[in-house]
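# Coordinate inspection notes
Next come the chains, spelled out residue by residue.
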Amino acid sequence: MLKTAICDLFNIEHPIIQGGMAHVGTAELVSAVSNAGGLGIIGTGFYEPDWVRQQIQLTRQQTNNPFGINIQLASPYVKQVAEVVLKEQVAIVTTGAGNPEPYMPGFKQKGIKVMPVVNNVDLARRLEKAGADAIIAEGMESGGHIGEITTIVLLPQVVDSVRIPVVAAGGIGDGRGLAAALALGAQGIQMGTRFVCSTECIAHPNYKKSILGATSSSTVVTRQILGFPQRSLKNKLTDQFQELEKAGASREELELFDRGRMYLGLVEGDIEDGSLLAGQISGLINEIKPVRVIIEDTVAEAERIIASLNKYCKED
Ligand SMILES: Cc1cc2nc3c(=O)[nH]c(=O)nc-3n(C[C@H](O)[C@H](O)[C@H](O)COP(=O)(O)O)c2cc1C
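Now for a quick tour of the structure. (Residues numbered from 1 in each chain as written. Predicted model: local features only at pLDDT ≥ 70, side-chain atom pairs only at ≥ 80, totals over all residues. Heavy atoms only, no water.)

## Here's the deal with the overall build of the protein
The condition that has to hold: Secondary structure is summarised from DSSP: a helix means a run of H or I of at least four residues, a strand means a run of E of at least two, and numbering begins at the N terminus for each. The globule rule is 2.2 Å times the number of residues to the power 0.38, and the radius of gyration it is compared with is taken over C-alpha atoms. Residue contacts are counted whenever heavy atoms from the two residues lie within 4.5 Å of one another. All accessible areas in this document rest on Shrake-Rupley with a 1.4 Å probe, and a residue is counted as covered only by the protein chains that are shown. We score Asp and Glu as negative and Lys and Arg as positive, and we do not count His or the chain ends. Charge positions are represented by NZ for Lys, CZ for Arg, CG for Asp and CD for Glu.
Tallying secondary structure elements over the protein gives 14 helices and 11 strands in all. For the protein, the C-alpha radius of gyration of 19 Å lies close to 20 Å, the compact-globule estimate for 316 residues. Within the protein, contacts between residues at least 6 apart in sequence are counted, and of these 62% link residues at least 24 apart. As displayed, the protein has an accessible area near 13,900 Å², and 50% of this comes from carbon and sulfur atoms. Placing the 29 positive and 35 negative side-chain charges of the protein at their respective mean positions leaves the two points 3 Å apart.

Structure, rendered in structure tokens:
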């Protein structure tokens, strides 16, 4: 069985984390991942503290296994959500879209394990010093908010720069990705887009089908001007967004145009006017599967690959 430092740190069976995902990383998906031996993470997005509390309670009703919560640092409710996490004593926190340093002392004091998502080496180093228990190095192949460096380039550099365990995210969809991440020094993987296309994820069927129909070049990055580059599937919305950006639309105009688009795409299934966050790995995903099958297939494939790689090392 494949076991790493991440399994020990979080007391999980497999080194597979489901990325916190706004709107679709709800109790249904989180509990399914944790029940299958991975680590489910509740995505809090820009949701209000009451919604977050409810999701924590719903998850606890559906699993006794460890799970975590993702705090979106750009949320207007970030402080209140952090308070809910402390009050509800959630054991594991991941953070996205920024620097979580101001919140780390509070979490550490309560013994909460913190694993921030980073997209560059400097932030990884800084957060290790601030007390992070592990780091998620996320490449720009990912769905959602992204940085500028690819996973294959970022990951080994983060691994060389910190002593805490590193988890690879971005562009991973099967056991080949897991084996590659381990070869680059990661202790586990985080997948987002792959888990959207699971039976248990509440994502709208139209959105899931769009991922299944995608190729390696179906995604595009928009919203750079808002300081929030975001990867999603190309559609009418991203075309319009790019036109507005080219025409020099103001920040206010773009924000207004963008409002509510994520919920419209991910949950209501409007695949033209809604935002369909997804990574470049979408091109590899062509089947909706139960979470348990995704996790078990990924681990089994990685184990086979790792066992077979020494064929390249045979002496003449
Ligand atoms: C629909 C969707 C929503 C996401 N929302 C968040 C979020 O709220 N916070 C966060 O830290 N990451 C978010 N992400 C990133 C994922 O947690 C994960 O790191 C990423 O999807 C990994 O790359 P992959 O899509 O290639 O697997 C989101 C990704 C997707 C696809």
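Now that the structure has been shown, the text picks up again.
## Thoughts on the sheet that holds strand β7 (residues 144-145)
Convention followed: The pairing criterion is simple: DSSP has to find at least two bridges between the two strands. Think of each axis as a best-fit line through the C-alpha atoms, taken over the contacting stretch in the case of a helix, with angles from 0 to 180 degrees between the N-to-C directions.
Ordered in space as β7-β11-β10, the three strands form an open sheet in which the pairing is antiparallel. What marks the edges here is a single partner per strand, and that holds for β7 and β10 (219-222). Looking at chain direction, β7 and strand β11 (residues 230-233) are connected through two bridges and run antiparallel. Within the sheet, the bridge partner assigned to Gly144 lies in β11 and is Arg231. Contacts from helix α11 (residues 236-246) reach β10 and β11, with the element oriented near 35° to β10.

## Some thoughts on the pairing of β11
As judged from the four bridges shared by β10 and β11, these two strands associate in the antiparallel manner. In the sheet register, Val221 faces β11, and the bridge partner there is Arg231.

## So, the nonpolar core
The condition that has to hold: Joining through side-chain atoms within 4.5 Å is the link that ties buried Ala, Val, Leu, Ile, Met, Phe, Trp, Tyr and Cys residues into a set, and such a set is a nonpolar core. For the exposure calls, accessible area comes from a 1.4 Å probe over protein chains only, and a residue counts as buried if that area is under 20% of its type's maximum, exposed if over 50%, partly exposed in between.
Of all hydrophobic cores here, the largest spans 72 residues; its most connected members are Val158, Phe195 and Tyr207. Ignoring sequence-local partners within four residues, the contact set of Val158 consists of Val121, Ala124, Ile135, Ala137 and Val166. In this structure, Ile6, Leu39, Val117 and Ala134 belong to the second largest nonpolar core, which totals 14 residues.

## A few points about the site of the ligand
Operational definition: Being near a molecule or strand, for a residue, comes down to having at least one heavy atom within 4 Å of it. In protein, a polar contact means a hydrogen-donor-capable atom and an acceptor-capable atom, both N or O and within 3.5 Å, with residues adjacent in sequence counting only if both atoms are side-chain atoms; elsewhere, any N or O pair within 3.5 Å suffices. Just so you know the grouping, Ala, Val, Leu, Ile, Met, Phe, Trp, Tyr, Cys and Pro go in nonpolar, Asp, Glu, Lys and Arg go in charged, and all remaining residues, Gly too, go in polar.
Around the ligand sit 20 residues in total, of which Asn70, Glu138, Gly171, Gln190 and Thr193 are the nearest. Measuring from an oxygen atom of the ligand, one finds a side-chain N or O atom of Glu138 at 2.6 Å. Across the complex, the protein chains shield 96% of the 610 Å² of accessible surface that the ligand would expose by itself. For the shell around the ligand, the secondary structure elements donating two or more residues are β3 (67-72) and β9 (188-191). Partitioned by chemical class, the residues of the shell around the ligand number seven nonpolar, 12 polar and one charged.

## Section: the packing of α11 against helix α12 (residues 251-258)
Note the cut-off: The cut-offs work like this: below 35 degrees is roughly parallel, past 145 is roughly antiparallel, 65 to 115 is roughly perpendicular, and the gaps in between are oblique.
Where α11 contacts α12, the two axes come as close as 11 Å, and the packing angle between them is 170°. In terms of their interaxial angle, α11 and α12 are classed as roughly antiparallel. Contacts between α11 and α12 involve Leu237, Gln240, Phe241, Leu244 and Glu245 from the former and Leu254, Phe257 and Asp258 from the latter.

## Examining the pattern of salt bridges
To be explicit about the condition: We define a salt bridge as a side-chain nitrogen of Lys or Arg found within 4 Å of a carboxyl oxygen belonging to Asp or Glu.
Considering all chains together, one arrives at 12 salt bridges under this definition. For the salt bridge of Asp258 with Arg223, the shortest nitrogen-to-oxygen distance reads 2.5 Å. In this pair, Asp258 sits in helix α12 while Arg223 sits in the loop between β10 and β11, placing the two residues 35 residues apart along the sequence. By relative accessible area, Arg223 is classed as buried at 2%. The closest approach of N and O atoms between Arg251 and Glu255, which form a salt bridge, is 3.6 Å. Of this pair, Arg251 and Glu255 both sit in helix α12, four residues apart, which is roughly one turn of the helix. Arg251 gets classed as partly exposed once you look at its relative accessible area, which sits at 40%. Looking at Glu255, the relative accessible area reads 35%, which means it is partly exposed. It is possible to trace a salt-bridge network through shared partners that takes in Asp174, Arg176 and Glu301.

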